[in-house]
Amino acid sequence: MSKIHKAYFCQSCGYESVKWLGRCPSCGAWNTFVEELLTKESGSGGGFSFLPQGNAKPQPVDSISIAPEPRMGLGSGEVDRILGGGLVPGSMVLIGGEPGIGKSTLALQLALKNPLMKTLYVSGEESAQQIKLRADRLGGSGKSCYILSETLLENILAHAQELKPNLIVIDSIQTLASKRIESSSGSISQIRDCAALLLKYAKETGTPVLVIGHITKDGVIAGPKVLEHIVDVVMQFEGDSQHIYRILRATKNRFGATSELGIFEMTGAGLREVSNPSEMLITHHDEPLSGVAIASSVDGVRPFLIEIQALVSTAVYGTPQRSTTGFDIRRLNMLLAVLEKRAGFRLASKDVFLNIAGGLRVTDPAIDLAVAVATLSSSFDLPIPAGCCFAAEVGLSGEVRPVARIDQRISEAEKLGFKKMFASKYNQKGAKKSDGIELIFAGKIEEMLHKLFKQNG
Ligand code: TYD
Ligand code: MG
């Protein structure tokens, strides 16, 4: 017997309450509680028995035998690498990202690329004709890719039972609705219930399910946190939809490392994998320009060189402007304060603009030094000598701090033909010497600037 049960859910974190609340006690958000109707199986407590039911038994870890998981390659080197070597049967993968970033394009492209893989592509957002138009742009074989424009979960699963696909794509979880829940699609209880049913289907039939999820304006996947807890892999699709580069990274992976990332380029015919990002992110100038510095950065385990551009000019207004693209503005303010206080450069009355080329967002602290030298280079209109790159963090007392994975940074720079790399002297021990690139170490920012600029006066 089941009865209707009412509850209030915070739409931002999924907190459940029996009464309406103005402020969520869990996440602190205001006015996010919405009433939702649930059907709840009754009598679960009364007939409870302590006798084991079902076949699962506790067993020692040593006695568990594992069959090698046959992974299903998706035909995209980058995606397979992020997944840790392909999709695991019965796994559920969530892809999150901003609107227009290319989630639907990526999923459709994966389905079309693999003619041997029967895919059921369920779309609650676009009609079959719209998807056909997109598929024509992307090219590839459409014989084994079945499109279903449907939002009712029970129907989707019934079609899946019949079709027996090798992969199910759900675009997107926020558009699905289950008959068992009264509230509208996209609500917390709908998302939670649909995800649980999809997971059950995946585990029972061994079919991997790729779920697309919307993100909120704060950049987290919309819906309850449980969504991220129950899926096996969470991938985030990042980047600026105005720029052509997109980064796909795993933020959770039960079957592999989360440090992998893939870089894609959005072209007129879908997403193209970028296997050598450094070459694309650096512009080759015929003559050295002031305000440009190259940083050797690492994201996850992947090294790449990026171009930092700074423009420093005299402030027109009383309060100087500071603006950044792809870099934390507070970090820039801190670096400017360090340059002012520790190295004696007068930047307080200057406007400073900073830009990371390619539309990427970089959080690696190792680009600090490149940001500092790009700023000074622009301020004095003194170009940084060609062939130099930087990898060090700058501390509050003006110390040049060591960074992780220095060897990878050095070899990436060397591979791209850089002749000199500036790093912290505390990295000196760990850094392998190489003939192709000269390593210059310093412990203080003043010392570093002296070593850099003394060569051209
Ligand atoms: P889409 O995949 O629908 O994004 P999402 O599902 O994440 O909301 O579309 C991404 C954008 O990419 C869209 O604005 C159009 C553009 N695009 C291309 O530039 N080239 C292409 O081949 C395709 C299919 C889309
Ligand atoms: Mg979409």
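Residues numbered from 1 in each chain as written. Chains lettered and ligands numbered in written order. Predicted model: local features only at pLDDT ≥ 70, side-chain atom pairs only at ≥ 80, totals over all residues. Heavy atoms only, no water.

Caption draft 1: Representation of the domain arrangement of the protein within the structure. Under the domain assignment used here, the protein contains domain 1 (2-41), domain 2 (77-275) and domain 3 (279-456). Centre-to-centre separation of domain 1 and domain 2, based on C-alpha positions: 27 Å. For the domain 1 and domain 2 pair, buried surface summed over both sides reaches about 760 Å², with 54% attributable to carbon and sulfur atoms. The largest share of the area that domain 1 buries against domain 2 comes from Gln11, Glu36 and Leu37, three residues that together contribute 46% of it. Taken together, the links from domain 1 to domain 2 amount to zero salt bridges. Counting every contact that joins domain 1 to domain 2 gives two residue pairs in polar contact (both at pLDDT 80 or more). At the level of secondary structure, the elements contributing two or more residues to the side of domain 1 that touches domain 2 comprise β1 (2-10) and β3 (33-41). At four residues, the largest contribution of residues to the side of domain 1 that touches domain 2 is made by β3. When the residues that make up the side of domain 1 that touches domain 2 are grouped by side-chain class, the tally is six nonpolar, four polar and one charged. (Domains from an automatic or database assignment. Buried area = accessible area lost by both parts, 1.4 Å probe. Salt bridge = Lys/Arg side-chain N within 4 Å of Asp/Glu carboxyl O. Polar contact = N/O pair within 3.5 Å; in protein donor to acceptor, adjacent residues only side chain to side chain. Helix = DSSP H or I, 4+ residues; strand = E, 2+ residues; numbered from the N terminus. Nonpolar A, V, L, I, M, F, W, Y, C, P; charged D, E, K, R; others polar.)

Caption draft 2: Representation of the packing of aromatic side chains. This model, assessed by the stated rule, comprises four aromatic pairs. Ring plane angle 85° and centroid distance 6.3 Å describe the contact between Tyr15 and Phe33, whose orientation is recorded as edge-to-face. One end of the pair, Tyr15, is in the loop between β1 and β2 (16-17); the other, Phe33, is in strand β3, and 18 residues separate them in sequence. Judged by centre distance (5.2 Å) and plane angle (20°), the rings of Phe390 and Phe422 are stacked. In this pair, Phe390 is assigned in strand β17 (residues 388-391) and Phe422 in strand β20 (residues 420-424), connecting sequence segments 32 residues apart. Neither residue differs from the other here; Phe390 and Phe422 are each classed as buried. (Phe/Tyr/Trp six-rings, centres within 6.5 Å; stacked < 30°, edge-to-face > 60°. Buried < 20%, exposed > 50% of the residue type's maximum accessible area, 1.4 Å probe, protein only.)

Caption draft 3: Quick look at the environment of Asn166. Mapped onto the fold, Asn166 is located in the loop between α4 (153-163) and β7 (167-171). Setting aside residues no more than four positions away along its own chain, Asn166 makes contact with Met72, Leu116, Met117, Lys118, Thr207 and Pro208. (Contact = heavy atoms within 4.5 Å.)

Caption draft 4: Here's a closer look at helix α10 (residues 406-415). Residues Ile406, Arg409, Ile410, Glu412 and Ala413 constitute the buried set of α10. Projected down its long axis, α10 shows its buried positions confined to an angular sector of 165°, all on one face. Elements in contact with the buried residues of α10: α7 (277-281), β13 (292-299), β14 (302-314), β17, β20 and β21 (438-442). (Arc of directions from axis to C-beta.)

Caption draft 5: How the structure looks around the sheet that holds strand β12 (residues 270-273). Pairing in this open sheet of nine strands is mixed, and the strands run β6-β5-β7-β8-β4-β9-β10-β11-β12 from one edge to the other. Looking at strand neighbours, the two that pair on one side only are β6 (145-149) and β12, the edges of this open sheet. Averaged over neighbouring strand pairs, the angle between their axes works out to 25° when direction is ignored. Both strand β4 (residues 92-97) and strand β9 (residues 233-238) contribute to a ladder of five bridges, which runs parallel. Bridging from a neighbouring strand, Leu94 pairs with Val234 of β9. (Pairing = 2+ DSSP bridges. Axes fitted to C-alpha atoms, helices over the stretch in contact; angles between N-to-C directions.)

Caption draft 6: Region of interest: the site of ligand 1. Surveying the vicinity of ligand 1 reveals 15 residues, the closest of which are Gly100, Ser104, Thr105, Thr267 and Gly270. Thr105 places a polar side-chain atom, nitrogen or oxygen, 2.5 Å from an oxygen atom of ligand 1. When ligand 1 is considered free in solution it has 560 Å² of accessible area, and contact with the protein chains removes 74% of it. If you list the elements that add at least two residues to the shell around ligand 1, you get α2 (103-113), α3 (128-138) and β11 (261-267). Counting residues per element, the shell around ligand 1 draws most heavily on α2, which supplies three residues. Counted by class, the shell around ligand 1 contains four nonpolar, seven polar and four charged residues. (Near = heavy atom within 4 Å. Areas by Shrake-Rupley, 256 points an atom, 1.4 Å probe, with all protein chains shown as cover.)

Caption draft 7: Local environment of the nonpolar core. Residues Ile306, Ile308, Ile367, Leu369 and Phe390 are the most contacted members of the largest nonpolar core, which totals 49 residues. For this core, the leading source of residues is helix α9 (residues 368-380), giving seven residues. Counting the residues that make up this core, at least three belong to each of domain 2 (77-275) and domain 3 (279-456). Among residues more than four places away in sequence, those in contact with Ile306 are Leu281, Ala293, Ile294, Ala295, Ser297, Ile356, Leu360, Val362 and Ile367. Membership of the second largest hydrophobic core comes to 31 residues, among which are Leu87, Val93, Ile101 and Leu138. (Core = buried A, V, L, I, M, F, W, Y, C linked by side-chain atoms within 4.5 Å.)

Caption draft 8: Seen up close, the packing of helix α8 (residues 329-343) against helix α11 (residues 445-453). With their axes 10 Å apart at the nearest point, α8 and α11 run at an angle of 90° to one another. Relative to α11, the element α8 lies roughly perpendicular. Taken together, the residues of α11 that come into contact with α8 (itself represented by Leu339, Arg342 and Ala343) are Ile445, Glu446 and Leu449. Residue composition of the contact of α8 with α11, grouped by class: four nonpolar, no polar and two charged. (Parallel < 35°, antiparallel > 145°, perpendicular 65-115°, else oblique.)

Caption draft 9: Structural context of the pattern of salt bridges. With the rule as written, the count across this model stands at 21 salt bridges. As a salt-bridge pair, Arg249 and Asp299 come within 2.6 Å of each other at their nearest N and O atoms. In this pair, Arg249 is assigned in strand β10 (residues 245-253) and Asp299 in strand β13, connecting sequence segments 50 residues apart. One exposure class covers both Arg249 and Asp299, and it is buried. A salt bridge links Asp328 to Arg330, with the shortest nitrogen-to-oxygen separation between them at 3.6 Å. Its relative accessible area of 29% is what places Asp328 among the partly exposed residues.

Caption draft 10: Up close: the side chain of Ser187. You can see Ser187 is positioned in the loop between β7 and α5 (188-205). Residue classification places Ser187 among the buried positions, given a relative accessible area of 8%.

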